[in-house]
Every structure is written in C-alpha cells, then in structure tokens.
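# Close look at the chain arrangement
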Amino acid sequence: SSQNRNAADTAMPSLADAAPPVATWSNVPTEFSDTTPFVVKISFGQALDSNDLLQLSDLDANGASLSGFTQNSVSEYEVTVTPDGSGPITLTLAANSVTDTSGNQNTIATVIIDEVIPPTGTLDVPSEFSGNGAIKFTVEFGEAVYDLDDSVIDLQNATLSASAFGANGSSIALTITPVDVADNIVVTINAGVVRDASGNLSVALAAFTIISDQAPPTVELSPDEYNYTDAFVATLTFSEALDDSNALSLEELSADYATLSNLTRIDATRFTMVVRPDGLHDVTVTLADGAVSDLAGNGNEEVSLTIKNSGYVAETIQAINSFMVARGVQILGNRPDYVSLAACSEDVHGGWNVSGDNDGFRGGFDGTRCAGLDDHWSTWINLAGNWSVFNDSRQHFAIVQMGMQYRATDVLVLGVMGQLDHAHQDLDDGAHVKGTGYMIGPYLVLDMPAVRGTLSAEASWGQSFNSVNPVGLYSDDFDTRRFLAAGRLSREFYLGDWILAPSIGAHYFEETQAEYVDQIGYVIPEQTIRIGESDLAAQLARSWEVSDRSAVDFGARLSGIYTFRMEDNDLEDPVISEGALRPRLDLELRAGSEDVDVRVSVYHDGLGIGAIGMNGREDDYQSWGANLSLDWRF
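Residues numbered from 1 in each chain as written. Predicted model: local features only at pLDDT ≥ 70, side-chain atom pairs only at ≥ 80, totals over all residues. Heavy atoms only, no water.

The next point concerns the overall build of the protein chain. Scanning the protein chain from N- to C-terminus turns up three helices and 43 strands. With the C-alpha coordinates of the protein chain rotated into their principal frame, the extents come out at 185 × 90 × 35 Å. Counting all 634 residues of the protein chain, 40% fall into the buried class. Considering only contacts within the protein chain whose residues lie at least 6 apart along the sequence, 61% involve residues at least 24 apart. As displayed, the protein chain has an accessible area near 31,400 Å², and 53% of this comes from carbon and sulfur atoms. Between the centroid of the 31 positive side chains of the protein chain and the centroid of its 91 negative side chains there is a distance of 22 Å. (Helix = DSSP H or I, 4+ residues; strand = E, 2+ residues; numbered from the N terminus. Buried < 20%, exposed > 50% of the residue type's maximum accessible area, 1.4 Å probe, protein only. Contact = heavy atoms within 4.5 Å. Areas by Shrake-Rupley, 256 points an atom, 1.4 Å probe, with all protein chains shown as cover. Lys, Arg positive; Asp, Glu negative; His and termini not counted. Charge placed at Lys NZ, Arg CZ, Asp CG, Glu CD.)

Here it is in structure tokens:
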C-alpha cells in the first residue's frame, strides 16, 4: 500500500567527509649507521583522488636522497632512501600535496631517522713547513658539527694558537706555531673533537707529520750539451714540488749566448722551454733569486746552469778529411810528365780537359814550357787548374810546378821539382775548407836504349797551411805534412808500323793533419789520408805521315789499376775500396806539323765493368774524361 515505505526511504541521510587524508610512514628504521639504501612506505587511510595522487616531487629528504618511487595503489606508495652521511635523515610530506575523493587535502607528515655514523674528518694540511710562522690547516667532516673540544688535539713540537669552526659549519680551522723549526711537527686529533647533529662523536684521525723543510728548492737543467744553432727543448727539473701561487715566468730566467721562449709547466716539479743557441758558445741559463718557492715557502737561490756546446769535432774531421782526399787526388792527377820534360823539346804545351765520374763533373786547363840553359841544364814550368762539381761538394784547384834538371849522361837526367798548390772546397752540409801547400823533391829519368826502356821515379815532401769552417759558424787554421812517391818502368816493341809499349807503375800520396784545438775548445785529433795505386798497362801506337811537314798519330792504352791503399777515414763509404782492381782505356789522336800539334784524348775508367773487389760507395764505379791540347814550337 501506499502506507508502506522502502527501508531506503526511511534511512538517515549521510554526513559529508571532512577529514583530511593522513599519511602514515612505515618500514622506517629507527636509526642507520652507513649509507646503505633502504625502502620506506607511505600509506593513506582513504582513497586518493586519481587526479591528485602522490608524486616523488611531493616528498623532501634532508640528509638523504630519494629514488625508486613506486605506486602500489591509490593509497599506498614506496620510495628508496639513500643516506648521504651528513647527519640524521628527515623525511617530509608537505601539506596539501594530495587530495582524497572527498576533496580533502593532506596535512604535513614528517619522520626522523637518527644517524649513528660518527663524523670522520678529512685533513687539508701542508706536508712541510719552513721558519717559525703560523701554520694553518682545516679538518672537513662533510656534515654539520658542533661542540669543538680542542683538548683532544695532541701536538709535538708545536703549540695550538687558534681553533674555530669553519664558515660552512662542517669543518674546523686550526692554527699551530712551531716550537723548533729544525724538527718535524706531529699532529694527532683524537676522537671526540666535535659531534654531529645526532650527538655522534667524531672518530680519531691518524697522526700526521708536517716535515720541517728549511732548504730552498734546487734545479737541474737538461740536456747538458747541444750542437748546431737549431732550437731545442730544455727541461728545468726542481728538487721538490713548487707552490702554484709563485709561478715561474720567462722574466725570471736569463740566458747567455741564447734566447729563451715558450716556457711551459709540465707538472709540479718540471718546466720546459725552447732554447735557440748561437752555436759557438756554452749556453748559460740563470734562474733569479726567489723566482719559485716550495710548498714550505722556501724560495730558490739564484743559480746559473750550463748547457755545454758539444762541439763539431766529427763535422770538422769529416770536412778536413774530404778536403785532403780531394786535394790528394788532384795532386796525383797533375804530376809532371818527367819523361817528356827530360827531352825538353822547348815546345809550349797547353790544353783543356773535362772529366767526370759517378758523382760529378770536372773541367780544367794545363800548360807546360821547358827551356834549355846549356847542353846539360834545363828548366821548366807547368801550370794547371780545374774546377769540379760533385754530388756533395764544389772544388777549385790550381797548381804551379817548376823544375831544374841536369843531364848527367846521355841516358840519365836528374832533377829537382818544387810545387805550390791552392785548393778551395765547399761542401753541401755548409762546410768550407781551403788551403795552400808546397812540395819539393828530386826525380830522375833513365833511358835504357838497349832494351828500348825508360825508368822514371820521383819523391817529394811538403806542408800545407789551411783553414776550415766546419758548420758555417767559425774558422780554424790547421797544418798538414805531405809525402809523395811515384815511379814507372816502360818498354817499347816494334810490330811493323805499330809500337807496343807495356809499362808498370805506382804512385803513393800521404797527408797528415796535425792535431789542434778549435775555437770552441775541443781537440781535433790528428788524421792521415793515404792513396796508393799501381797499374799494369799496354799501349799500342802508330804514326802516319800526311806530308813532309805533318803527320797523324794514334794511340790506345789499356791498363788495370789496383788500389793498394785507400785510407780516407770514411770507412763506411769509401770512394774506391782498398784492394779493388779496375780496367781503364785511354785513346789519343794527334795531328801535327812543324809548328803546332793538336792532341785529342779520351779515357774511360771502369769500362762499364766497375771494380773487382769494390765494396764502397759505388760498386760500379765509372770515370770518364776528355782532353784537348796544343803544342807550339819556337
């Protein structure tokens, strides 16, 4: 009936929910003793509005960091807490961070977790000290500390002048004064010098020693020698670490006979710099007084350090050696033809020549005149000169030779020869060498008509006076002594219109440079070059008369040349090896009249075969040359 009502209709109306959601912290430790992470839970008594749930950013932690936030339901959450060791941890949920389904916002919820990690200090202390001035250092604990108790600080050889908390509240600053500056200081900070916010007393620190350093830092300079004028890097190495606040600068360094640049600090004890020397002198680098200081505050004393010029001994020896060898070859190649001079035809002989080998080219001239004084005495003069260009050098050479000879019998001529020579050599490595020398000695020519043979022999001695500029920086003078000996035996055989003339000969030249001291002060030792060769040759010649007053002559000479001595100090790279045997072919054509003869000759040394036993610079050593000469008769 309409009088009956549903139970729902008779229920009391509900009241609105006005209670705010309250956060409950659970799984929270009462204390912690290290920085191991742990997980805590936050739950609410009622469901939260899905549009305003708890977020990690709603939580705040003091003394820890938060991570690993997880939502288990709309009313339950988890978060990972990692202590930072700075003190007790306070976890806070700020008010009004979340809203329940009735629109109520939460109240603040806080939990505190006590720390039982004692404060541990880290020292910032000098390792050494000098003088009796105050020494300041700090102990950093990494968290707020309180109640400084300096009575637990033990000092040996020092007194505590001051103690206070640092401005950041997490450290203490201590000042001590040495008692005896000659002894070390030992500092011991025992347990309990401070406490943290949880009341934990600091742990004891190991005793540490501050070394008494009264000695100034010393320095070494490397390298200890140099050569040439090229810039090089030198290193200054100090005996101990230097204070960064007193930096070394170029203005505090000076150098004699060099310039300094690009000073660079490598580490706590080393600096590098670029040194450009003059190449002639020892370089002296001076470090100014007090330019640097060590960690104890000791400043350096002024010091001068030397980089010695190592000299140019090897370069000088090589330049002189090359010069003497080249000049020796020239002297041997320009020996007078004593057999022709003994005949003294009073012709004027002159000519031009060119020659070359594997390494370069040479050109020159020569001229000879002989004059009879009476039936027995005659005199002669020979002039020659040439220039050469080789792979590693250029040389000019000139020689004048004069002789006086006496025909003792119809078959024997005795004479004496004197020569003056000058040579100048420029090497590609910058060396320059020049010198003037003389030689004097006897010679003889013996005709042997019974066997159609001729014997000639000579010997001479002399000196030279020279200068060398080994690297283009300075010149030194040096002297040498010389010796030359040569001889040849030949014989003629007639083969119809042809003449066959076999011969055997040898020549030897030796020159010794005297020891001397160069401008830098180094000893240039004595050195000797020796050149010795022998040859066995056969010459074939013929003459054709063109008219009563003219004729044409042809000659061909084949010889084998054996180098029995080649000592030039360039042992790894000799021009021709000692013990080498090589062939040589000479060809000559002469056209003559009553007044003048014209001669053209060519030679090829090596013949494309090279030298048997050759193991030097050129295994296939080759040399060639040509000569054009004129003889005038008066």
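Following the structure, the description resumes.
On to the state of the cysteines. If you walk through the whole model with that rule in mind, you get one disulfide. What pairs with Cys 344 in a disulfide is Cys 370, and their sulfur atoms sit 2.0 Å apart. Torsion about the S-S bond of the Cys 344 and Cys 370 cystine: about -105°, corresponding to left-handed handedness. Highlighted residues: Cys 344 in the loop between helix 3 (338–343) and strand 27 (348–357) and Cys 370 in strand 28 (residues 360–372), separated in sequence by 26 residues. For Cys 344, a relative accessible area of 14% translates into the label buried. (Disulfide = S-S within 2.5 Å.)

What follows concerns a nonpolar patch on the surface. On the surface, Trp 352, Phe 365, Ile 381, Leu 383, Met 402, Leu 589, Val 598, Val 600 and Leu 628 cluster together into a nonpolar patch covering about 800 Å² of accessible area. Secondary-structure elements contributing two or more residues to the nonpolar patch are strand 29 (377–390) and strand 42 (596–605). With respect to the helices, strands and loops of the structure, Trp 352 is situated in strand 27. (Patch = residues over 30% accessible without salt bridge, like charges linked within 9 Å, V, L, I, M, F, W, Y side chains within 5 Å. Salt bridge = Lys/Arg side-chain N within 4 Å of Asp/Glu carboxyl O.)

On to the confidence of the model for the protein chain, then. In the predicted model, the protein chain carries a mean pLDDT of 87, and the fraction of residues at 70 or more is 92%. Here residues 570–574 scores under 50 on pLDDT; set against residues more than four positions off or in separate chains, the count is six contacts. Within the model, pLDDT remains below 50 along residues 614–619, and this stretch shows 16 contacts once partners closer than five positions in the same chain are excluded. (pLDDT = per-residue confidence, 0-100.)

Structurally, the position occupied by Pro 126 is in the loop between strand 9 (122–124) and strand 10 (128–129). Pro 126 gets classed as partly exposed once you look at its relative accessible area, which sits at 26%. Through-space distance from the C-alpha of Pro 126 to that of Ala 162 is 17 Å; in sequence the pair is 36 residues apart. Excluding residues that lie within four positions of it along the chain, Pro 126 makes contacts with Ile 135, Lys 136, Phe 137 and Ile 210.

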